[in-house]
Amino acid sequence: MSTILTVSNLTKKFGYLTAVKDLSFTIEKGNVYGILGPNGSGKSTTLGIVLNVVNRTSGEFAWFDGNISTHQALKKVGAIIERPNFYPYMTAIQNLKLVCKIKEVPENKIEEKLELVGLLDRKNSKFSTYSLGMKQRLAIASALLNDPEILILDEPTNGLDPQGIHQIREIIKKVASTGTTILLASHLLDEVEKVCTHVVILRKGQKLYSGRVDDMMASYGFFELKSSNTDMLLTFLKNNHSFSKVTQENGLITAFLSEEMNSEVLNRSLMDKGIVLSHLVKRKESLEEQFLALTKNEAN
Amino acid sequence: MLRLLQIEFIKLWNNKSSKILIISYFVLLCCIALISVIKFPLGEGVHLADIGIFNFPYIWHFNTYVAAIFKLFLAIVIVSMMANEYSNKTLKQNLIDGLSKKEFILSKFLTVVTFSLVSTIFVFGVSMVLGLVYSDYNEVSIIFSELGFLFAFFIKLVGFFSFCLFLGIFVKRSAFALGFLILWLIFEQLFFGFLGWKITGWDVANKIKDFFPLESMSNLIKEPGTRLDAVKALGNQVGAEFSSDYYVHWYEILIVLGWTAIFIYGSYALLKKRDL
């Protein structure tokens with residue numbers, strides 16, 4: 001698998017504030033990455049550095065095999081950071097033609113990409129007349145003009161209405177399905193959970209985790225159980241070594257697994273003991289729960 | 001190089017106000033020709049063209065001097081083409097799209113050089129036509145003498161526009177950058193006055209003044225009025241002596257080229273240092 005971006009020991013200081021601290025990670029081709037972190041955790045700064053608009057204080061980063069200059073590499077990258085930036089007095093077509101000139105790609109993809117983001121019928125309107133959602137979609141079209149090796153999106157749904165958010169997500173999914181590598185920075189966890197296979201989690205400029213979303217916590221998931229015979233159920237669970245922790249809340253019992261077990265096995269052994277369940281669900285922690293657990297652990 | 005110019009051309013030509021200013025600038029350059037019809041109400045009326053302002057080679061001096069006044073129009077365009085990149089944040093987007101900082105500055109500088117070159121060609125054309133119509137001397141050797149003024153005009157524009165470019169990057173807001181330009185003009189004079197009055201004495205101050213950016217640019221083409229025979233004759237009558245040296249000197253060109261290099265490199269250094 002080929003590497004698209006390698007970041008090693010990257011540090012950025014703004015005066016006394018260290019925005020990014022000794023950050024290292026790699027982006028491999030074909031995956032969908034999420035950079036997660038609360039506001040001010042250094043996501044945008046990191047992206048700014050690799051995109052050549054913020055100067056690093058120390059550390060290195062290399063695009064592709066590291067043999068080409070950053071601005072040449074960026075011609076093979078599509079990126080949108082924070083807000084869509086275009087010339088307000090120019091139409092969508094004119095703006096995209098300019099981008100083609102900068103990226104040194106032919107102009108024949110313009111219509112196709114405008115179609116993809118649903119702006120073809122507004123192609124001759126000035127950028128200043130667009131709504132925020134349309135501006136963001138135009139930005140995505142512009143980022144895709146060169147059929148990039150990697151698409152970088154920084155908070156692409158920020159400030160959009162639910163409909164706009166949905167549209168952007170659909171476009172991202174469409175792009176991801178074509179095999180394009182995507183790097184999505186966001187503080188919206190469900191957004192990342194829905195589309196990403198890998199995550200890099202940042203807090204105060206430091207990396208807490210990077211790897212597959214599934215491997216984020218060494219966890220086997222948990223059962224949510226309900227029974228009319230709550231006491232017997234609790235005793236059973238507490239005496240079973242497969243469960244590390246059992247909690248009870250509003251009659252709903254949550255039992256965390258310490259080893260792999262499927263719900264069929266649990267159900268059968270409970271039946272053998274004469275405990276009948278009225279509710280049985282096996283779940284994994286959501287990204288949000290994992291994220292909060294991870295950031296909390298580190299805080300201590 | 002052509003690509004960088006095309007990029008800049010797309011940005012400028014699609015902007016309505018830039019387009020209007022650029023067009024009016026070149027129309028104004030052509031309007032130098034209108035001077036020829038100005039008539040002074042002396043006796044039965046004296047045509048300005050008849051007192052020799054369109055004689056070769058004097059016309060090169062006169063027209064470049066007058067044309068340089070209009071450069072303010074393009075200065076507005078250049079300052080705003082730079083400052084707008086900041087206020088629209090398109091500078092950031094350009095860099096992300098794969099333009100290097102060097103290419104960005106180069107594209108602006110090439111535009112400045114192109115503007116200056118086209119202006120010079122325009123002034124050459126207009127002067128040539130006017131001269132052929134009105135000049136008393138039409139020998140080829142006379143026509144093509146003193147073309148140094150055209151070269152100086154070109155260098156002067158490149159220098160001045162580079163200063164505007166630098167101000168655009170430095171101040172980031174077009175209105176403030178233009179204000180700063182005027183402030184700088186006043187500052188140069190104040191500084192000169194202060195030098196002469198308190199520190200070095202007037203002789204030395206006059207020499208130092210030639211090294212100031214704006215002063216060195218305006219020095220390239222000195223005022224042509226007192227070189228006219230008619231004005232000289234008038235001066236002699238009242239006993240005034242004009243013994244200035246009107247020609248363009250190589251060291252004056254060098255000073256302006258020096259400032260141009262400083263401004264362009266300064267813009268690049270500023271851009272490189274800044275986080276966007």
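Computed from a predicted model, the values in this text were never measured in an experiment.

Peer 1: Before we go on, may I ask you to explain the nonpolar core in this structure?
Peer 2: Side chains that are nonpolar tend, in soluble globular proteins, to be buried together. Residues Leu-51, Trp-63, Val-77 and Ile-152 of chain A are the most contacted members of the largest nonpolar core, which totals 109 residues. Looking at this core element by element, the count peaks at 16 residues for helix α8 (residues 148–171) of chain B. In contact with Leu-51 of chain A, not counting residues within four places along its chain, are Trp-63, Leu-74, Val-77, Ala-79, Ile-81 and Ile-152 of chain A together with Leu-95 and Ile-96 of chain B. Of all hydrophobic cores here, the second largest spans 45 residues; its members include Ala-139, Leu-160, Cys-196 and Val-199 of chain A.

Peer 1: Would you mind showing me how to read helix α8 (residues 230–239) of chain A here?
Peer 2: Structurally, the α-helix is built with 3.6 residues per turn, so residues lying three or four positions apart point the same way. Residues and elements named next belong to chain A. When we look at burial in α8, the residues that qualify are Leu-233, Leu-234, Phe-236 and Leu-237. Down the axis of α8, the buried set is contained in an arc of 165°. They therefore lie on one face. Facing away from the buried side of α8 by over 90 degrees, the exposed positions are Asp-231, Lys-238 and Asn-239. Buried residues along α8 sit against β10 (222–227), β11 (243–249), β12 (252–257), α9 (263–272) and β13 (277–283).

Peer 1: Where do I start with the domain arrangement of chain A in this structure?
Peer 2: The extent of an interface is frequently quoted as the accessible surface area lost upon association of the parts. Segmentation of chain A into domains returns domain 1 (3–212) and domain 2 (222–283). Each of domain 1 of chain A and domain 2 of chain A was reduced to a C-alpha centroid, and the two centroids are 44 Å apart.

Peer 1: Can you walk me through the pattern of salt bridges in this structure?
Peer 2: A side chain with one charge may pair with a side chain of the opposite charge, provided their charged atoms come close. By the definition in use, this model includes 20 salt bridges over all chains. As a salt-bridge pair, Lys-109 of chain A and Asp-147 of chain A come within 2.4 Å of each other at their nearest N and O atoms. Residue Lys-109 of chain A is located in the loop between α3 (92–103) and α4 (110–116), and its partner Asp-147 of chain A is located in the loop between α5 (132–144) and β6 (150–154); the two are separated by 38 residues in the primary sequence. A relative accessible area of 42% places Asp-147 of chain A in the partly exposed class. One salt bridge connects Glu-8 of chain B with Lys-108 of chain B, and the closest N-O pair in it is separated by 2.7 Å. Pair noted here: Glu-8 of chain B is in helix α1 (residues 2–13) and Lys-108 of chain B is in helix α6 (residues 101–134), with a separation of 100 residues, a long-range link. Each of the two residues, Glu-8 of chain B as well as Lys-108 of chain B, counts as buried. Through salt bridges with shared partners, a single network forms among Lys-75 and Glu-104 of chain A together with Arg-3 and Glu-103 of chain B.

Peer 1: Just to check I follow, could you spell out unusual backbone geometry for this structure?
Peer 2: Peptide bonds are, in most cases, trans, and in most cases residues other than glycine have a negative phi. In this structure, Pro-57 of chain B follows Phe-56 of chain B across a cis peptide bond, with omega equal to -10°. Assignment of secondary structure puts Pro-57 of chain B in the loop between β2 (46–47) and α3 (58–69). The phi angle at Asn-9 of chain A is positive, at roughly 50°, despite the residue not being glycine. If you trace the backbone, Asn-9 of chain A turns up in strand β1 (residues 3–14). Among the residues examined, Asn-9 of chain A registers a relative accessible area of 41% and is labelled partly exposed. Of note, Glu-104 of chain A is a non-glycine position whose phi angle comes to about 55°, a positive value. Examined against the element boundaries, Glu-104 of chain A turns out to sit in the loop between α3 and α4. Accessibility expressed as a relative area gives 48% for Glu-104 of chain A, which makes it partly exposed.

Peer 1: Looking at this structure, how should I read the sheet that holds strand β4 (residues 58–63) of chain A?
Peer 2: Residue and element names in this part refer to chain A. Reading across the sheet, the three strands line up as β2-β1-β4 and stay open at both edges, with antiparallel pairing between neighbours. A single partner strand is all that each edge strand has here, and the edge strands are β2 (17–28) and β4. Averaged over neighbouring strand pairs, the angle between their axes works out to 15° when direction is ignored. Pairing of β1 with β4 involves five bridges; the strand directions are antiparallel. By the bridge assignment, Thr-6 is partnered in β4 with Ala-62. Contacting β1, β2 and β4, helix α1 (residues 43–50) crosses the sheet at an angle of about 115° to β1.

Peer 1: Please clarify how the UniProt feature "transmembrane region" (unreviewed entry) in chain B should be interpreted in this entry.
Peer 2: Residues and elements named next belong to chain B. Under the feature "transmembrane region" (unreviewed entry), the UniProt entry names residues 20–42, 62–83, 109–135, 147–169, 176–197 and 250–271. Span residues 62–83 is 95% helix and 0% strand, its end C-alpha atoms 33 Å apart. A helix fraction of 100% and a strand fraction of 0% characterise residues 176–197, whose end C-alpha atoms lie 30 Å from each other.

Peer 1: Which parts of the structure should I look at to understand the side chain of Ser-186 of chain A?
Peer 2: Residues and elements named next belong to chain A. With respect to the helices and strands, the residue Ser-186 is situated in strand β7 (residues 181–186). When its relative accessible area of 0% is taken as the criterion, Ser-186 is described as buried. Filtering out sequence-adjacent residues up to four positions away, Ser-186 remains in contact with Ile-35, Leu-36, Gly-37, Lys-43, Glu-155, Glu-191 and Val-192.

Peer 1: Explain the interface of chain A and chain B here, please?
Peer 2: Of the residues lining the interface, 27 residues belong to chain A; the matching set on chain B comes to 28 residues. Taken together, both faces of the contact between chain A and chain B bury some 2,600 Å²; the carbon and sulfur share is 54%. Three residues, Val-53, Asn-85 and Ile-102 of chain A, lead the burial of chain A against chain B; their summed loss comes to 24% of the area buried on that side. Our count for the contact surface shared by chain A and chain B stands at two salt bridges. Notably, a salt bridge pairs Glu-104 of chain A with Arg-3 of chain B, separated by 4.0 Å at the nearest N-O pair. Applying the counting criterion to the chain A and chain B interface returns 12 residue pairs in polar contact (both at pLDDT 80 or more). Elements with a contribution of two residues or more to the side of chain A that touches chain B: β1, α2 (70–74) and α3 of chain A. Top element by residues in the side of chain A that touches chain B is α3 of chain A. It accounts for six residues. Residues that form the side of chain A that touches chain B fall into these classes: 15 nonpolar, five polar and seven charged.

Peer 1: Quick question: what am I supposed to make of the pairing of β11 of chain A here?
Peer 2: All names here are of chain A. Sheet analysis places β11 next to β12, joined by six bridges and oriented antiparallel. For Glu-249, the partnering residue across the bridge sits in β12 and is Leu-252. The hairpin turn running from β11 into β12, its antiparallel successor, is two residues long, and Asn-250 in that turn takes a positive phi close to 50°.

Peer 1: Where do I start with the side chain of Lys-43 of chain A in this structure?
Peer 2: Tracing the backbone through its elements, the reader meets Lys-43 of chain A in helix α1. The residues touching Lys-43 of chain A, leaving out its near neighbours within four places in the chain, are Ile-35, Leu-36, Gly-37, Pro-38, Glu-155, Ala-185, Ser-186, His-187 and Leu-202 of chain A.

Peer 1: How do you make sense of the state of the cysteines when you look at a structure like this?
Peer 2: As used in these notes, a disulfide is a covalent bond between sulfur atoms, one from each of two cysteines. Residues and elements named next belong to chain B. Taken as a whole, this structure holds zero disulfides over all chains when the rule is applied. Just so you know, Cys-31 is unpaired, no disulfide at all, and the nearest cysteine sulfur is the one on Cys-30, 6.8 Å from it. A relative accessible area of 29% means that Cys-31 is categorised as partly exposed.

Definitions and limits used
Residues numbered from 1 in each chain as written. Chains lettered and ligands numbered in written order. Predicted model: local features only at pLDDT ≥ 70, side-chain atom pairs only at ≥ 80, totals over all residues. Heavy atoms only, no water. Core = buried A, V, L, I, M, F, W, Y, C linked by side-chain atoms within 4.5 Å. Buried < 20%, exposed > 50% of the residue type's maximum accessible area, 1.4 Å probe, protein only. Helix = DSSP H or I, 4+ residues; strand = E, 2+ residues; numbered from the N terminus. Contact = heavy atoms within 4.5 Å. Arc of directions from axis to C-beta. Domains from an automatic or database assignment. Salt bridge = Lys/Arg side-chain N within 4 Å of Asp/Glu carboxyl O. Pairing = 2+ DSSP bridges. Axes fitted to C-alpha atoms, helices over the stretch in contact; angles between N-to-C directions. UniProt positions renumbered as here; feature names shortened; annotations may be inferred. Buried area = accessible area lost by both parts, 1.4 Å probe. Polar contact = N/O pair within 3.5 Å; in protein donor to acceptor, adjacent residues only side chain to side chain. Nonpolar A, V, L, I, M, F, W, Y, C, P; charged D, E, K, R; others polar. Disulfide = S-S within 2.5 Å.

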